[in-house]
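In case you want the letters, here they are:
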Amino acid sequence: MPPEAVRLGRKRTLPSCPNPLFLQWLTELRDQAVEKGKNSHFVYQKAIHSLKKYPLPLMSGKEANILQNFGPGICKILDKRLEQYYQDNGPDAPIHSLPSGVKHYVPDSNNLESSKASTSAKELSGSSGGQNKSRPKKAAEPKKARGGPKKRNYVPQKGSGGYAVLLTLYRHSQVPGNNGFMFKNELMVDAQPLCLKSFTVPDLGSKYTAWSSVSTLTKRELVLKTHSPARYCLTELGQTVAEQLESEEREEVNEEEEEEEEEENEAGKAVNHPEMVDLTQDDRDNASDHDDDANDERQKAAGALATRPPPVICVNEEVDDWNELQASEQEAAASGILLPGCYDIVLCVDFIETTGGNTVRKQELVTELQKNRVTFDIRKLNVGDFLWIARERTVDSDAGQARPPAVRELVLDYIVERKRMDDLCGSIIDGRFREQKFRLKRCGLHKPIYLVEEHGSAAAHLSLPESTLQQAIVNTQVVDGFFVKRVQDVKESAAYLTMMTRYLQKLYQNRTLHCRSRELEGDGPKGDNVSCSLISFTEFNHGAVKSKSQTVREVFARQLMQISGLSGDKAAAILEHYSCVNSLMEAYARCSSEAEKDKLLSSIRYGKLKRNLGPSLSHSVYQLYCTKGPLS
């Protein structure tokens, strides 16, 4: 079959758009949106493509509603411009062809308002040939704007997490002999004083901390993250930005120091010349501006005042009293004492109680505390859900100080563990219930509270019978010595926490608090049935870390508590006689017979009632450590 002959000839020219006026107006709107940086230019561009494909003439903007990407807004704009066009050019003005002498429309950069359609219409109708030649030069301006603004370096805001991290890494790099990088923990500790947000605890209702900004710094190539565990250091760009931030920080500090020096100089002048007080100066200056009668009256009053002895300003005495007060406060701070009126009682809420899980229910507790106007702080608690601290009141730091002084916080003797019935059931099944009570006893606070939420009839639908849960609550109160408070729902829990906060504020209102170490029980003076010798919050929270390295004594106690019926009190009693497994094994080795080994621990007394452990538990411990085969 012969091949098909190739057709030669010109391409058929495509017909021009039958609606050139609408096309010009849409082009104008698109270019104006580009200049203003609005995203609406994408919408206008889509409408232009649809209009170019439509082969029929349109008589109004309303008719364009049938086209794709033409909404009511664009159609309304076209109708307004068409109405204005008719007013300027007459009702018989053509709309399907451009005015004579105009090939294409180029928007005027001085007129960005789309509503000013009359100006653009006049330019279309009255433009001359010379003006048309000069306009294409202006057409390059929208193209420049279309490229977007010039790229700028990312500079974090002062007080943000990124700001603190950059400054900390820069200052660390300036220290002689540094290793050139920082680990996450030390970076968070050193950067915290420079940041307004916490690096560990998220804000209320948020899951992000100040550390979240480090990912932005790495994406912006300001910070380099390497190795595992992670090491952080500045890049060349980060070094430049950090130097800029450091210079701005120093300028602010210098300005504050200069202002402080000026204030001190003015105060020094007032102290050095306390006797220079002239009460008649104003009268002499203003005497010429008033009538003669008023002059005579003022001169008589001035003469009467002049006969009095000059006033004495006791600036030196006030300065001495102020110095004595500051000295006493500094002595109290150095000795770890909080004086009455120098601290506030604040409720601390574990961040687990506000985030994760049923967020709506957890936010309800925070909302109720805010309604009750309770002063509270959300932070990470390694043991317990709520506790109260005595926080030192902050004093305005000196202007020249780069970092404010650390605020001291002492933990009051009250700590609350909150349990719903379903949570209590789960903790009993997986063993957390006994462990949490043991940790609460060993945390260093002497008045633990169990806050139990009944939560309606939820206990009837749990995997444990309700009688077992009630027995566990009674044992917590009677055997373990905890104070148990039962409430119905979250609102009652918030009401109880509010009442306790008000009670503690009144209880510690006029008391001097002393800071002691956790190992020194009762070190320092005490009030009437109120412990005024308290642990610092940092020491308390660090000592309650669950995953910290454990001593041999603590591991031995955990082993003993795995035996059924051997509670924390009984394990503590055994530890008083035998501090580790080795000492217990040596005691078994000294026994002359198996019967003596079997009853070695039976006479050890435990608890407040000093009861014996009994032969049954002694036999279980003996079997665990001395039987080579399986236990019977």
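Residues numbered from 1 in each chain as written. Predicted model: local features only at pLDDT ≥ 70, side-chain atom pairs only at ≥ 80, totals over all residues. Heavy atoms only, no water.

With respect to the overall build of the protein
Let me state the cut-off plainly: Each helix is a run of H or I in the DSSP string that is no shorter than four residues. Each strand is a run of E no shorter than two, and both are numbered from the N terminus. Each residue is assigned to one of three classes by its accessible area relative to the maximum for its type, calculated with a 1.4 Å probe on protein chains only: buried under 20%, partly exposed between the two thresholds, exposed over 50%. Contacts are assigned to residue pairs with any non-hydrogen atoms lying within 4.5 Å of each other. Here the Shrake-Rupley method, with its probe set to 1.4 Å, supplies the accessible areas, and only the displayed protein chains count as covering residues.
Per the secondary structure count, the protein includes 24 helices and 14 strands. Within the protein, the proportion of its 632 residues that are buried is 37%. Here the analysis covers contacts within the protein between residues at least 6 apart in sequence; of these, 65% occur between residues at least 24 apart. When the accessible surface of the protein is split by element, carbon and sulfur atoms take 51% of a total near 39,000 Å².

With respect to the environment of Gly543
With respect to the helices and strands, the residue Gly543 is situated in helix α19 (residues 537–543). Note on Gly543: relative accessible area 18%, which makes it buried. Here the alpha-carbon distance between Gly543 and Val383, two residues 160 residues apart in the chain, equals 9.6 Å.

Points about the sheet that holds strand β2 (residues 223–226)
Note the following rule: Pairs of strands are assigned from DSSP output, requiring at least two bridges between the strands. For helices, the fitted axis covers only the stretch in contact; all axes are lines through C-alpha atoms, and the angles between them, taken along N-to-C directions, range from 0 to 180 degrees.
Spatially, β1-β3-β2 is the arrangement adopted by the three strands of the open sheet, whose pairing is antiparallel. Bordering the open sheet on either side are β1 (182–183) and β2, each of which pairs with just one other strand. Sheet topology places β2 next to strand β3 (residues 231–234); four bridges connect them, and they run antiparallel. Bridging from a neighbouring strand, Val223 pairs with Leu234 of β3. Sheet strands in contact with helix α7 (residues 161–173) are β1, β2 and β3, and its direction is about 85 degrees off that of β3.

Details of a nonpolar patch on the surface
The line we're drawing: Residues with no salt bridge and a relative accessible area higher than 30% make up the patches, which join like charges within 9 Å and nonpolar side chains (Val, Leu, Ile, Met, Phe, Trp, Tyr) within 5 Å. Take a side-chain nitrogen of Lys or Arg and a carboxyl oxygen of Asp or Glu: if they are within 4 Å of each other, that pair is a salt bridge.
Judged by side-chain polarity, Val474, Val478 and Val479 come together as a nonpolar surface patch covering roughly 270 Å² of accessible area. On the secondary structure map, Val478 appears in helix α17 (residues 466–478). By relative accessible area, Val478 is classed as exposed at 63%.

A word on the pairing of strand β11 (residues 513–516)
Alignment of strand β4 (residues 337–338) against β11, held across two bridges, turns out to be antiparallel. Paired with Ile337 across the bridge in β11 is His514. As paired strands, β11 and strand β12 (residues 533–536) are joined by three bridges and run parallel to one another. Within the sheet, the bridge partner assigned to Arg516 lies in β12 and is Ile535.

Let's talk about the pattern of salt bridges
Opposite charge on two side chains allows them to pair when their charged atoms are near. For the structure on display, the rule yields 26 salt bridges. The salt bridge involving Glu249 is made with Lys158; its shortest N-O contact spans 4.0 Å. Residue Glu249 is found in helix α10 (residues 236–272), and its partner Lys158 is found in the loop between α6 (140–146) and α7; the two are separated by 91 residues along the sequence. When its relative accessible area of 46% is taken as the criterion, Lys158 is described as partly exposed. Each of Glu417, Lys419, Asp423, Asp430 and Arg432 takes part in salt bridges that share partners, so that together they form one network.

A short note on the packing of helix α20 (residues 552–561) against helix α21 (residues 568–577)
Note the following rule: Each angle is binned into one of four classes, with values under 35 degrees roughly parallel, values over 145 roughly antiparallel, values of 65 to 115 roughly perpendicular, and all other values oblique. A crossing counts as left-handed when the near helix is turned anticlockwise from the far one by less than a right angle, and as right-handed when that turn is clockwise. All amino acids are sorted into three groups, where Ala, Val, Leu, Ile, Met, Phe, Trp, Tyr, Cys and Pro are nonpolar, Asp, Glu, Lys and Arg are charged, and the leftover types, Gly among them, are polar.
Two elements in contact, α20 and α21, have axes whose closest approach is 9 Å; the angle formed by their N-to-C orientations is 130 degrees. Judged by the angle between their axes, α20 and α21 are oblique. Considering only the axes of α20 and α21, their crossing is right-handed. Each of Arg553, Phe556, Ala557, Leu560 and Met561 in α20 lies in contact with α21, whose residues at this interface are Gly568, Ala571, Ile574, Leu575 and Glu576. A class-by-class count of the residues in the contact of α20 with α21 yields seven nonpolar, one polar and two charged.

Focus: the side chain of Glu368
Mapped onto the fold, Glu368 is located in helix α14 (residues 359–371). The exposure class assigned to Glu368 is buried, which follows from its relative accessible area of 13%. In this view, Glu368 contacts Lys491 and Ala494; residues no more than four positions away in its chain are not counted.

A closer look at helix α16 (residues 432–441)
By the burial criterion, the buried members of α16 are Phe433, Glu435, Gln436, Lys437, Arg439 and Leu440. Where α16 is buried, its residues touch β8 (409–420), α15 (421–430), β9 (447–453), α17 and α20.

With respect to the packing of aromatic side chains
The description of two aromatic rings rests on the distance between their centres and on the angle between their planes. Heads up, the condition is: When two rings of Phe, Tyr or Trp (its six-membered ring) have centres within 6.5 Å they constitute a pair, described as stacked for plane angles under 30 degrees, edge-to-face for angles over 60, and tilted for the intermediate range. Counting as a charge over the ring demands two things of the Lys NZ or Arg CZ atom: a distance within 6 Å of the ring centre and an angle within 35 degrees of the ring normal.
All told, the structure shown has ten aromatic pairs when counted by the stated rule. Here the aromatic rings of Phe433 and Tyr450 are separated by 6.0 Å at their centres, their planes lie at 80 degrees, and the arrangement is edge-to-face. Remark: Tyr450 occurs in strand β9 and Phe433 occurs in helix α16; sequence separation between them is 17 residues. According to the relative accessible area criterion, Tyr450 is buried, its value standing at 2%. Site record: aromatic cluster; members linked through ring pairs are Phe22, Trp25, Tyr85 and Tyr86. The ring of Phe181 carries the charged tip of Arg231 above its face, separated from the ring centre by 4.4 Å. Note that Arg379 overlies the ring of Phe537, its terminal NZ or CZ placed 4.5 Å from the centroid.

Examining the confidence of the model for the protein
To be explicit about the condition: Confidence scores per residue from the predictor, reported as pLDDT, run from 0 to 100.
Scored by pLDDT, the protein comes out at a mean of 77, with 71% of its residues at no less than 70. Note that residues 274–284 has pLDDT below 50 and, in this model, seven contacts with residues that lie over four places away or in other chains. Here residues 397–402 is a poorly scored stretch, pLDDT under 50, and it has seven contacts once near neighbours within four places are set aside; other chains count.

Topic: helix α8 (residues 184–191)
Here is the rule: To be clear, the arc concerns the directions from the helix axis to the C-beta atoms.
Within α8 the residues assigned to the buried category are Leu187, Met188 and Ala191. Down the axis, α8 shows its buried residues gathered within 100 degrees of arc, on one side only. Facing away from the buried side of α8, by more than 90 degrees, are the exposed residues Asn185 and Val189. On its buried face, α8 is in contact with α7, β1 and β3.

Concerning the environment of Val479
Within the element layout of this structure, Val479 appears in the loop between α17 and β10 (483–487). Each C-alpha atom, one on Val479 and one on Gly607, is 8.8 Å from the other, the two residues being 128 residues apart in sequence. Other than its neighbours up to four places away in sequence, Val479 contacts Val474 and Asp569.

Here we look at a negative patch on the surface
In plain terms, the rule: For the purpose of charge, His is not counted, nor are the chain termini; Lys and Arg are scored as positive and Asp and Glu as negative. One atom stands in for each charge, and that atom is NZ of Lys, CZ of Arg, CG of Asp or CD of Glu.
The grouping of Glu248, Glu251, Glu255, Glu256, Glu257, Glu258, Glu259, Glu261, Glu262, Glu263 and Glu264 at the surface amounts to a negative patch. For Glu256, the location among the structural elements is in helix α10.

Considering the state of the cysteines
Put simply, the test is: Cysteine sulfur atoms are paired as a disulfide whenever they fall within 2.5 Å.
Going through the model one piece at a time under the given rule, you end up with zero disulfides. Of the cysteine sulfurs around Cys626, a residue in no disulfide, the closest is that of Cys591, at 8.6 Å. For Cys626, a relative accessible area of 29% gives the class partly exposed.

Observations regarding the nonpolar core
As a reminder, the rule being used: Put simply, buried Ala, Val, Leu, Ile, Met, Phe, Trp, Tyr and Cys residues joined by side-chain atoms within 4.5 Å make one nonpolar core.
Judged by nonpolar contacts, the single largest core of 32 residues is most densely connected at Trp388, Leu504 and Leu513. Breaking this core down by element, the ones donating at least two residues are β5 (343–350), α14, β7 (386–392), β8, β9 and α18 (490–507). Looking at this core element by element, the count peaks at seven residues for α18. Membership of the second largest hydrophobic core comes to 27 residues, among which are Val346, Met421, Tyr450 and Ala472.

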